[in-house]
Number of protein chains: 2
Amino acid sequence: MTETTHRTDVAIIGAGPVGLFAVFECGMLQLGCHVVDALDAPGGQCSALYPEKPIFDIPGYPRIQAAELVERLSEQAAPFRPVYHLGQRVDRLEPCRLSPPGAKPGEEPVDGWRLVTSKGTVIEAGAVIIAAGVGAFGPNRPPLQGIEAYEGRGEGQGVHYFIAKPESLRGERIVIAGGGDSALDWSILLAELADKLYVIHRRERFRGAPDSVAKLHALAEAGRLELVVPYQLDSLEGQDGKLEAVVVRDLDGGRRQLEADVLLPFFGLSMNLGPIAEWGLALDKHLIVVDPVSGATDRPGIYAVGDIATYPNKLKLILCGFSEAALAAHAIRRRLHPHEELHWEYSTTKGVPGA
Amino acid sequence: MTETTHRTDVAIIGAGPVGLFAVFECGMLQLGCHVVDALDAPGGQCSALYPEKPIFDIPGYPRIQAAELVERLSEQAAPFRPVYHLGQRVDRLEPCRLSPPGAKPGEEPVDGWRLVTSKGTVIEAGAVIIAAGVGAFGPNRPPLQGIEAYEGRGEGQGVHYFIAKPESLRGERIVIAGGGDSALDWSILLAELADKLYVIHRRERFRGAPDSVAKLHALAEAGRLELVVPYQLDSLEGQDGKLEAVVVRDLDGGRRQLEADVLLPFFGLSMNLGPIAEWGLALDKHLIVVDPVSGATDRPGIYAVGDIATYPNKLKLILCGFSEAALAAHAIRRRLHPHEELHWEYSTTKGVPGA
């Protein structure tokens, strides 16, 4: 365990789009940031779950891929020189006393927070912004014996829960399992690329957007994919970690063996607040309760923004998280510099460092 | 006066960036919109006051010109086929009774609003979003005798309060008057283009961003512009509407005559709510008081978003206005379809029309 203690104005937990934009907003107010994320790269769900999926509701982008949005936001944050601590989870968050920023000798210490990560990194900060999205997340895995042997293989083979590069699946025999939007979207997209595509669902009816369901059936009629319904996953066949077939069964126990190189189960995500649940913050249905106009939680100096924060009428939209990040940054500025009138300027007049 | 009555789900007052994004958010919730703006083109202040100025705090755009942002937002709204009524002001807003959207025969009418514009256009809507920015705005004009004769000339001559195309000023003899950020920004920018540039201010000290003030003095030292301080505007000289010189005077009445083709006075904007102030909405310092999580005003069915709306900790940032527009659209959806559970989907799964 390395024991490095960092000192910063604001510690941000979560490097998803909203965490990245919080760096920018803090930077515009001359607050430095350290950012911790459990994943190995910035971007949160956008990077991990759907990097190539287009998003249509980022204001000013009629259409942008998740990965590109993350890149732009990282670029926007960069002039403020955030320090990233990636591949580590914040395990502990505890109050501490800090000398205020720019303190003169003999000045009283102020209340702050100390974060300790799973890698032993220690960060002491005047304020904390929790932008942890859905918390730690992972796919719901189907209960198939020996499935682990087929996980984590190369992109074009075995069992995958996320698809980073659809191109890697070109020409493969693919089984998609699931009945929700992810299963539908990927079925529609992969119908173009696959050598053979089976779509398995345990009911006749799919749960997704009506327009997507119609597209799925049209593709099935055109022979671009085969609907195998109502069936569910039964077992996997293969050797030495190489998948050869997916066995499915109907409600009466009748079985079919589908030759396949790749199985893509889309059974949703399990979310898990992880250690955040133990920090004594007021929660409502696993979300952190905040003041909508500042992001303040019930613990002074801790703020929450984005999908993990809740308040009446809350919308889980990235664009709302951006606004919440701006409001939290301003609230933190007032908290850390209570006696200083901020000479507030717009970005058009002030610009950003190096611009 | 034409008397056309339109019927729509939502009437949006103001076609600035936030009004345009409100069209998109309403569209995603299957609410149609009509949009009214006093200006002749969408974009509000962005288009009218600083189309070529870069903005640095639009999330996902490290730098974007105001005019380009407006273009992107218009494009994003377009699939939802908003109807624009430009070059007209909403003069009256009064309650009316409407049959609900998709009403069956005999169904009770519901409360709505009727808008009447300065051109006689009548719009009946289930809800209204006021996204009118600073309201009607105009430049503060210096009190110089006969100044009108020099206004509204071609771009490269006479008196201008806004600059749409800096290039039109290349090679001209220019006088800039004012001591704030606009005067500073344009002085710095036009120092590169002008044949001769005078910067007049009635004090020695400028009020803008410290970094801009430093740049101004550096340009003055390099001979790229001439600071004429402390001086103020005295009179204009010219013939047949063609400006020939600007006369300035110091505190003791001493005069200087500066030969010039163009005078650019930057004495700030006067804002004016106009008829909005008479609609009986609760106001606080000329802004409309709203619920921060819905944009609801104190009159049912009327919402306000963006710079014209206020609540505790409010930030006048475009990005916050975007979020406010999303919250208002959802609140309106609940209001207009109270018995209908919205099958809420993300833009990534649902897409937009034609995408």
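About the thresholds
Residues numbered from 1 in each chain as written. Chains lettered and ligands numbered in written order. Predicted model: local features only at pLDDT ≥ 70, side-chain atom pairs only at ≥ 80, totals over all residues. Heavy atoms only, no water. Least-squares fit on C-alpha atoms with pLDDT ≥ 70 in both. Contact = heavy atoms within 4.5 Å. Helix = DSSP H or I, 4+ residues; strand = E, 2+ residues; numbered from the N terminus. Buried < 20%, exposed > 50% of the residue type's maximum accessible area, 1.4 Å probe, protein only. Phe/Tyr/Trp six-rings, centres within 6.5 Å; stacked < 30°, edge-to-face > 60°.

**Here's the deal with the relation of the copies chain B and chain A**
Here's step 1: Of the two same-sequence chains, chain B is brought onto chain A (RMSD 0.1 Å, axial shift 0.1 Å) by a rotation of 180°. Taken together, the rotation and translation describe the operation of a two-fold axis. Looking at the rotation axis and the C-alpha trace of chain B, the residue lying nearest is Ser323(B), at 3.1 Å.
Here's step 2: Taken as a fraction of all interface residues of chain B, those also at the interface in chain A reach 100%, which identifies the copy contact as same-surface.

**Observations concerning unusual backbone geometry**
Residues and elements named next belong to chain A.
Here's step 1: Residues valine 229 and proline 230 are joined by a peptide bond in cis, for which omega reads -15°.
Here's step 2: Tracing the sequence through the fold places proline 230 in the loop between strand E13 (226-228) and strand E14 (231-239).
Here's step 3: The backbone of glutamine 30 sits at a positive phi, close to 60°, despite the residue not being glycine.
Here's step 4: Relative to the elements of secondary structure, glutamine 30 occurs in the loop between helix H1 (17-28) and strand E2 (33-37).
Here's step 5: Look at glutamine 30 and you get exposed, because its relative accessible area is 61%.
Here's step 6: The backbone phi angle of asparagine 313 is positive, close to 70°, even though this residue is not glycine.
Here's step 7: Examined against the element boundaries, asparagine 313 turns out to sit in the loop between strand E22 (309-310) and helix H6 (318-336).

**Things to note about the environment of Asp40(A)**
Residue and element names in this part refer to chain A.
Here's step 1: Note that aspartate 40 resides in the loop between E2 and helix H2 (44-48).
Here's step 2: The class of aspartate 40 is exposed, set by a relative accessible area of 68%.
Here's step 3: Residues aspartate 40 and leucine 243, 203 residues apart in the sequence, show an inter-C-alpha distance of 28 Å.
Here's step 4: In this structure aspartate 40 touches Leu86 and Gly87, once residues within four positions along its chain are discounted.

**As for the packing of aromatic side chains**
Here's step 1: Inspection of every chain in the model, using the stated rule, returns 7 aromatic pairs over all chains.
Here's step 2: Ring centres of Tyr61(A) and Tyr61(B) lie 4.2 Å apart, and the angle between their planes is 0°; on these two criteria the pair is classed as stacked. Of the two residues, Tyr61(A) is situated in the loop between strand E3 (54-55) and strand E4 (64-65) and Tyr61(B) in the loop between strand E3 (54-55) and strand E4 (64-65); the pairing between them involves two chains.
Here's step 3: Relative accessible area serves as the criterion here: at 9%, Tyr61(B) is assigned to the buried category.

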